[in-house]
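The residues making up each chain are set out below.
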Amino acid sequence: MSEIIGFIGFGLIGGSIAKGLKKVHPDWKMLACSRTAGKLEAARADGVLDEIVTSPKELAGCDFIFLCTPVSCIPGYLAKLKDVVKPGCILTDVGSTKSNVHHAVLAQGLSHCFIGGHPMAGSEQTGYENATDHLVENAYYVLTPTPQSSPADLKKLTALVLDLHGIPLVLDPEEHDSVVAAVSHLPHLIAAGLVNLVARSDSSRQTMKTVAAGGFKDITRIASSSPEMWQQICMENRENIMKILRDYIADMEGIYHELENSDAAGLFRLFEESGEYRSSISDRSAGPLKKEYAVYCDIVDEAGAIATIATILSVHQISIKNIGIVHNREFEQGALKIVFYDEDSASRAAETLDSCHYHITVR
Ligand SMILES: NC(=O)c1ccc[n+]([C@@H]2O[C@H](COP(=O)([O-])OP(=O)(O)OC[C@H]3O[C@@H](n4cnc5c(N)ncnc54)[C@H](O)[C@@H]3O)[C@@H](O)[C@H]2O)c1
Ligand SMILES: O=C(O)C(=O)C[C@]1(C(=O)O)C=C[C@@H](O)C=C1
């Protein structure tokens, strides 16, 4: 059955959901309104949006409405949608916090038609221009039904998540907020705090900034995320974040004391335990980390070096999904990152390039 899908807020997440659904259901009609309507023109030109609307009232005919604005704006839109949603419409959101949204849903008397949502996928980039049809692929997509949500509605929204190749996971809003405080919100604060500490501690020659390599860049990518979005997430989930931040500070104090007391065994245990737990989070199976089949190849910096590798792979009929130079050099020469569509292609590529005397690292 052809559905009509409405979006309020149409940036990275709204745009990615619309692109993903349009890919699977080209006949479904997509409508959106956003703070700056002009920005939606690109989505219409791409054929992702069928209609740009200027007010939530124009979403009255929708079968699903996705609220995809920063989290503090969601309650205001729920109030505007209160008398707009048609019977049978499923109202959902993608906000990174859930308790504040559920309180607003209850206050507006929308519990019967609302099911919260939160795709555990994203990026430090914002805006429709960075949206992709596969953003949610292999990522957990948390669903938070209300006590009044019907099993039939939950089944319908779950089917949409599966269309996006996401992994549906039902949680209650409070548990969701406590979990994401630890695995998403605290990491963003740590990344931002660390970057600011380094910026403050660096010399006038900016030597820290110059030599910063993989370790610093890996842990701080998310420090470039939207300040508007993260200010709102932190304000809405203050209590949970404060609780886990307190524990984190205590753990850091513990590490400080291990260093102060030259406690080598304690430091060893720290890395041993963290390494074991981190390794148990697979990035090759479906889960919160994206599947990626990458091979790193050292190349000398000379004209035609990339073309030679691409030709070798093409002769062996191995398709490349993505290829690019790794800019944060952990490798002595130039490292080329080649991403493949599946594990088999990645291992065949590694064997082939190895037999051609390239130095290969598979990650
Ligand atoms: N970026 C991520 O990694 C990520 C992941 C999962 C969930 N989320 C959640 O998804 C939501 C959207 O995030 P995003 O990454 O797509 O952000 P974004 O900045 O890319 O998009 C936000 C959209 O909302 C619009 N908007 C902002 N304020 C508005 C307002 N007052 N009224 C109407 N429209 C408004 C913007 O114009 C833009 O279209 C947020 O609630 C965020 O917490 C983000
Ligand atoms: O990959 C990133 O850049 C993200 O920050 C994605 C991320 C996260 O993992 O913390 C950010 C916020 C969301 O609510 C969900 C996912």
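What counts as what
- Residues numbered from 1 in each chain as written.
- Chains lettered and ligands numbered in written order.
- Predicted model: local features only at pLDDT ≥ 70, side-chain atom pairs only at ≥ 80, totals over all residues.
- Heavy atoms only, no water.
- Near = heavy atom within 4 Å.
- Polar contact = N/O pair within 3.5 Å; in protein donor to acceptor, adjacent residues only side chain to side chain.
- Areas by Shrake-Rupley, 256 points an atom, 1.4 Å probe, with all protein chains shown as cover.
- Phe/Tyr/Trp six-rings, centres within 6.5 Å; stacked < 30°, edge-to-face > 60°.
- Helix = DSSP H or I, 4+ residues; strand = E, 2+ residues; numbered from the N terminus.
- Buried < 20%, exposed > 50% of the residue type's maximum accessible area, 1.4 Å probe, protein only.
- Patch = residues over 30% accessible without salt bridge, like charges linked within 9 Å, V, L, I, M, F, W, Y side chains within 5 Å.
- Salt bridge = Lys/Arg side-chain N within 4 Å of Asp/Glu carboxyl O.
- Pairing = 2+ DSSP bridges.
- Domains from an automatic or database assignment.
- Axes fitted to C-alpha atoms, helices over the stretch in contact; angles between N-to-C directions.
- Parallel < 35°, antiparallel > 145°, perpendicular 65-115°, else oblique.
- Left-handed = near helix turned anticlockwise from the far one by under 90°.
- Contact = heavy atoms within 4.5 Å.
- Core = buried A, V, L, I, M, F, W, Y, C linked by side-chain atoms within 4.5 Å.

Looking at this model, I keep getting lost on the site of ligand 2. Mind explaining?
In the neighbourhood of ligand 2, the contacting residues comprise S96, H118, P119, A121, G122, S123, E124, S184, H188, R221, I222 and W230. One nitrogen or oxygen atom from the side chain of S96 is found 2.6 Å from an oxygen atom belonging to ligand 2. Between an oxygen atom of ligand 2 and a main-chain N or O atom of G122, the distance comes to 3.5 Å. When ligand 2 is considered free in solution it has 370 Å² of accessible area, and contact with the protein chains removes 83% of it.

Mind showing me how you'd approach the packing of aromatic side chains here?
Within a pair of aromatic rings, the relevant descriptors are the distance that separates the centres and the angle that separates the planes. This structure, assessed with the given rule, holds three aromatic pairs. Look at F7 and F66: their rings are 5.4 Å apart centre to centre, the planes differ by 15 degrees, and that puts the pair in the stacked class. Of this pair, F7 sits in strand β1 (residues 4-8) while F66 sits in strand β4 (residues 64-67); the two residues are 59 residues apart in sequence, bridging distant segments of the chain. For F7, a relative accessible area of 0% gives the class buried. Its relative accessible area of 2% is what places F66 among the buried residues. With 5.6 Å between their ring centres and 20 degrees between their planes, F10 and Y128 make a pair best called stacked. Remark: Y128 occurs in the loop between β6 (114-119) and β7 (140-145) and F10 occurs in the loop between β1 and α1 (12-24); sequence separation between them is 118 residues. Pair check on accessibility: F10 and Y128 agree, each one buried.

Is there a simple way to explain a nonpolar patch on the surface in this structure?
On the surface, a cluster of nonpolar side chains totalling about 200 Å² of accessible area is made up of I306, I323 and I325. With respect to the helices, strands and loops of the structure, I325 is situated in strand β10 (residues 320-325). Residue classification places I325 among the partly exposed residues on the basis of a relative accessible area of 34%.

It is not clear to me how the sheet that holds strand β8 (residues 167-170) should be interpreted in this structure. Could you clarify?
Adjacent strands of a sheet pair through backbone hydrogen bonds, lying either parallel or antiparallel. The strand order across the open sheet formed by eight strands is β3-β2-β1-β4-β5-β6-β7-β8, and the pairing between neighbours is mixed. Two strands lie at the open edges of the sheet, namely β3 (51-52) and β8, each paired on one side alone. Examined bridge by bridge, strand β2 (residues 29-33) and β3 share two bridges and lie parallel to one another. Paired with A32 across the two strands is I52, which belongs to β3.

What should I look at first to understand the site of ligand 1 in this one?
In the vicinity of ligand 1 lie 25 residues, with L12, T69, Y77, S96 and G127 positioned nearest. Separating an oxygen atom of ligand 1 from a backbone N or O atom of I13 is a distance of 2.8 Å. A distance of 3.2 Å separates a nitrogen atom of ligand 1 from a polar atom in the backbone of R35. Protein contacts shield 88% of the accessible area of ligand 1, which totals 830 Å² for the unbound molecule.

Honestly, the domain arrangement of the chain in this entry has me stumped. Any pointers?
Often the size quoted for an interface is simply the accessible area lost on bringing the parts together. If you check the domain split of the chain, you get domain 1 (4-171), domain 2 (176-279) and domain 3 (293-362). Using only C-alpha atoms to locate each centre, domain 1 and domain 3 end up separated by 38 Å.

How do you make sense of the environment of E137 when you look at a structure like this?
As for its position among the elements, E137 is in the loop between β6 and β7. In this structure E137 comes out as partly exposed when scored by relative accessible area, which is 31%.

Can you walk me through the packing of helix α6 (residues 173-201) against helix α9 (residues 227-236) in this structure?
Between two packed helices, the angle of one axis relative to the other and the distance separating the axes together describe the packing. Here α6 crosses α9 at 120 degrees, and the two axes come no closer than 11 Å. The orientation of α6 relative to α9 falls into the category oblique. Handedness of the α6/α9 crossing: left-handed. Of the residues in α9, those touching α6 at S184, H185, H188 and L189 are W230, I233 and C234.

When you look at the nonpolar core in this model, what are you seeing that I'm missing?
In this structure, F7, F10, I17, F66 and Y141 are the most contacted members of the largest nonpolar core, which totals 34 residues. No other element matches the five residues that α1 contributes to this core. In contact with F7, other than residues within four places in its own chain, are G14, I17, A18, M30, L31, A32, C33, L59, F66 and C68. L59, I65, C89 and V101 belong to the second largest nonpolar core, which has 21 residues in total.

Hey, could you run me through the side chain of T146 in this one?
Secondary-structure assignment places T146 in the loop between β7 and α5 (151-163). Ignoring anything within four residues of it in the chain, the contact list for T146 reads H102, V105, S111 and F114.

Can you walk me through unusual backbone geometry in this structure?
What you tend to see is this: most non-glycine residues have negative phi, and most peptide bonds are trans. You will see that N138, though not glycine, has its phi angle at about 65 degrees, which is positive. Structurally, N138 can be placed in the loop between β6 and β7. The phi angle at H165 is positive, at roughly 65 degrees, despite the residue not being glycine. Turning to its location among the elements, H165 is positioned in the loop between α5 and β8. The exposure class of H165 is partly exposed, given its relative accessible area of 48%.

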